[in-house]
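This is what each chain is made of:
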Amino acid sequence: MNEEKPQPAKNIILVGFMGSGKSTIGRELGNLLSYPLIDTDSQIEELEKISIADIFSLKGEPHFRSCETQVVENLIEQGLTHHIIATGGGLPVREENRPLLQKLGYVVWLDANSDTILERTSRTNTRPLLQTENPRETIERMLEKRNSIYQDVAHLRLQTSGLSIAETAHGILESARYFFGHS
């Protein structure tokens, strides 16, 4: 007897490396669909009452990763639907988060190459994991580790390097309509 998998909630979840466009594309999707945007990093800052950079420096990365899991579990418990959720780049790294993300909705991996990521992330110094002597090397090393994880959790992989914000958002929208119509 085949057991049907539970239907994911009707949310669009954006995953991908820092600088891949999750927040920007999330805002665009939110505008197109009139869905609220939830940013998991902002949720964590509200929960902890300090910045992500301060969480990393004062409490460490393991504490931050636990906060990510807590935020996703909270969103599921709320029965959240019709939202865009932009996740932190490392949220899917924790194995227990992957099925939670898939339960929360349609997971889209915004994939960008290292040149694009370096260009986008160099505009700010708020990325604790890139405060290294060689950010390009750090990005490439982390991408090598994380890409298979993003691939594992995502329903859709979308290469964002070279696409406009509108092209990316419309591609996600069409794919999500198909997914929710056929799942």
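What comes next is a walk through the structure.

Parameters and conventions
Residues numbered from 1 in each chain as written. Predicted model: local features only at pLDDT ≥ 70, side-chain atom pairs only at ≥ 80, totals over all residues. Heavy atoms only, no water. Helix = DSSP H or I, 4+ residues; strand = E, 2+ residues; numbered from the N terminus. Buried < 20%, exposed > 50% of the residue type's maximum accessible area, 1.4 Å probe, protein only. Contact = heavy atoms within 4.5 Å. Pairing = 2+ DSSP bridges. Axes fitted to C-alpha atoms, helices over the stretch in contact; angles between N-to-C directions. Parallel < 35°, antiparallel > 145°, perpendicular 65-115°, else oblique. Left-handed = near helix turned anticlockwise from the far one by under 90°. Nonpolar A, V, L, I, M, F, W, Y, C, P; charged D, E, K, R; others polar. Salt bridge = Lys/Arg side-chain N within 4 Å of Asp/Glu carboxyl O.

1. Some remarks on the overall build of the chain
For the chain, the count of helices and strands is 8 helices and 5 strands. The burial tally for the chain puts 45% of its 183 residues in the buried class. Sequence-distant contacts, at least 24 apart, represent 77% of the contacts inside the chain between residues at least 6 apart.

2. A few points about the sheet that holds strand 1 (residues 12–15)
To summarise the sheet geometry, strands pair through backbone hydrogen bonds and adopt either a parallel or an antiparallel arrangement. In space, the 5 strands of this open sheet follow the order 2-3-1-4-5, with parallel pairing throughout. Lying at the two open borders of the sheet, with one neighbouring strand each, are strand 2 (37–39) and strand 5 (156–159). When the angles between neighbouring strand axes are averaged without regard to direction, this sheet yields 25 degrees. Sheet topology note: the strand 1/strand 3 (residues 84–86) ladder contains 3 bridges and is parallel.

3. A few points about the packing of helix 5 (residues 97–104) against helix 7 (residues 135–153)
One way to put it is that helix 5 packs onto helix 7 with a least axis distance of 9 Å and a crossing angle of 40 degrees. Classed by the angle they form, the pair helix 5 and helix 7 counts as oblique. In this structure, helix 5 meets helix 7 at a crossing whose hand is right-handed. The residues of helix 7 that touch helix 5, namely those facing Arg98, Leu101 and Gln102, are Ile149, Asp152 and Val153. Among the residues forming the contact of helix 5 with helix 7, the class breakdown is 3 nonpolar, 1 polar and 2 charged.

4. As for the pairing of strand 4 (residues 106–111)
Within strand 4, 6 of the 6 residues are buried, which leaves the element mostly enclosed by the surrounding structure. Every second residue of strand 4 is oriented toward a common face, with Tyr106, Val108 and Leu110 on one face and Val107, Trp109 and Asp111 on the other, all of them buried. In terms of strand pairing, strand 1 meets strand 4 through 4 bridges, oriented parallel. Across the sheet, the residue bridging to Val15 is Trp109, located in strand 4. Both strand 4 and strand 5 contribute to a ladder of 4 bridges, which runs parallel. Across the sheet, Asp111 pairs through a bridge with Gln159, a residue of strand 5.

5. Points about the side chain of Glu68
Within the secondary structure layout, Glu68 lies in helix 4 (residues 61–77). For Glu68, a relative accessible area of 1% gives the class buried. Once you skip the residues sitting within four places of it in the chain, Glu68 turns out to touch Asp41, Ile44, Gly88, Gly90 and Leu91.

6. Some points on the pattern of salt bridges
A side chain of one charge can pair with a side chain of the opposite charge when the charged atoms of the two come close. Under the counting rule described, the total for this entry stands at 8 salt bridges. Taking the shortest distance from any N to any O, the salt bridge between Arg65 and Glu68 comes out at 2.9 Å. Residue Arg65 and its partner Glu68 are both found in helix 4; the two are separated by 3 residues, about one turn of the helix. Across the pair, Glu68 and Arg65 agree in class, each one buried. When the shortest N-O distance is used, the salt bridge between Asp152 and Arg98 registers 3.6 Å. Within this pair, whereas Asp152 is found in helix 7, its partner Arg98 is found in helix 5, the two being separated by 54 residues in sequence. On the accessibility criterion, Asp152 (49% relative accessible area) is partly exposed. For Arg98, a relative accessible area of 14% corresponds to the buried category. Put simply, Glu61, Arg65 and Glu68 are held in one network by salt bridges that share partners.

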